[in-house]
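Residues per chain, in single letters:
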Amino acid sequence: MAYYVYKRCKKLGILHKIISLTGDNASNNDTAARHLHKKLSYMYDDHLEENLIRGKSMRFQGEASKIDCLAHVDNLIIKAILKELGSSTHKDAVAFLDRVQDHG
């Protein structure tokens, strides 16, 4: 994945504008962030104070710049709640809520 992000951003001339990667919390996204950071680091001169690349600073900091998608995190939380309630599907959740309402 890092290869394709790098290739596309290089073609568009926006490598220096990469601030973060957003994705789910799969380990391959962590790997992509590490590899992209390593690839970009080769373009920056590490001994310079601000890591300038052709007059621009590198903002991407690898895994520290990776953002887990809030929608994915919400989905994981809701699935865990539904599982705890014994409801894994919408149909099960409706049936559960109907039972609660009937006994409430």
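Every value quoted in this text rests on a predicted model; they were computed, and no experiment measured them.

*Asks:* Would you explain a nonpolar patch on the surface in this entry?
*Replies:* A surface patch of nonpolar side chains, about 430 Å² in accessible area, is lined by Leu70, Val73, Ile77, Ile81 and Leu85. Looking at the secondary structure, you find Leu70 in helix 3 (residues 70-84).

*Asks:* Could you clarify how one ought to interpret the pattern of salt bridges in this entry?
*Replies:* Oppositely charged side chains may form a pair once their charged atoms are brought near each other. Applying the stated criterion to the full structure yields two salt bridges. Here Asp30 ties to Lys66 by a salt bridge, and the two come within 3.4 Å at their closest N and O atoms. Placement of Asp30 in helix 2 (residues 27-41) and of Lys66 in strand 4 (residues 66-68) is noted, with a sequence separation of 36 residues between them. For Asp30, a relative accessible area of 23% corresponds to the partly exposed category. Note that Arg34 and Glu63 form a salt bridge whose closest N and O atoms lie 2.8 Å from each other.

*Asks:* Just to check I follow, could you spell out the nonpolar core for this structure?
*Replies:* The nonpolar side chains of a soluble globular protein tend to be buried with one another. One finds Ala2, Tyr6, Cys9, Leu15, Ile18, Leu21, Ala32, Ala33, Leu36, Leu40, Met58 and Phe60 forming the largest nonpolar core, which totals twelve residues. For this core, the secondary structure elements donating two or more residues are helix 1 (2-12) and helix 2. Of the residues forming this core, the biggest block, four residues, is contributed by helix 2. If we skip the residues at most four places from it in the chain, Phe60 touches Ile18, Ile19, Ser20, Leu21, Ala33, Leu36, His37, Leu40 and Ser65.

*Asks:* Explanation requested: the packing of aromatic side chains in the structure shown.
*Replies:* The geometry of an aromatic ring pair comes down to the distance between the two centres and the angle between the two planes. All chains considered together, the criterion is met by one aromatic pair. Summarising the aromatic geometry, the rings of Tyr3 and Tyr4 are spaced 5.1 Å apart at their centres and angled 80 degrees between planes, so their arrangement reads as edge-to-face. We classify Tyr4 as exposed; its relative accessible area is 60%. Its end group placed over the ring of Tyr6, Lys39 keeps NZ or CZ at 4.7 Å from the ring centre.

Definitions and limits used
Sequence order as written defines residue numbering, which begins from 1 separately in each chain. Local features in this predicted model are restricted to residues of pLDDT 70 or higher, and side-chain atom pairs are both shown and tallied only at a pLDDT of 80 or more, whereas totals for entire chains, interfaces and linings draw on every residue. Note that the side-chain values use all heavy atoms of the structure and ignore hydrogens as well as water. Each patch is assembled from residues with relative accessible area greater than 30% and no salt bridge, linking like charges that lie within 9 Å and nonpolar side chains (Val, Leu, Ile, Met, Phe, Trp, Tyr) that lie within 5 Å. Residue exposure ignores everything except the shown protein chains as possible cover, and the areas themselves are Shrake-Rupley values with a 1.4 Å probe. Just to be clear on terms, a salt bridge is a Lys or Arg side-chain nitrogen sitting within 4 Å of an Asp or Glu carboxyl oxygen. Under the DSSP-based scheme used, a helix requires at least four consecutive residues in state H or I and a strand at least two consecutive residues in state E, with every element numbered from the N terminus. Throughout this description, buried means an accessible area under 20% of the type-specific maximum (1.4 Å probe, protein chains only), exposed means over 50%, and partly exposed covers the range between. Residue types Ala, Val, Leu, Ile, Met, Phe, Trp, Tyr and Cys, when buried and joined through side-chain atoms within 4.5 Å, form a set referred to as a nonpolar core. Here, two residues are considered to be in contact whenever any of their heavy atoms come within 4.5 Å of each other. Pairing of aromatic rings covers Phe, Tyr and Trp, the last through its six-membered ring, and needs centres within 6.5 Å; plane angles under 30 degrees mean stacked, over 60 mean edge-to-face, and all others mean tilted. Cation placement over rings: the criterion is NZ of Lys or CZ of Arg within 6 Å of the ring centroid and within 35° of the ring normal.

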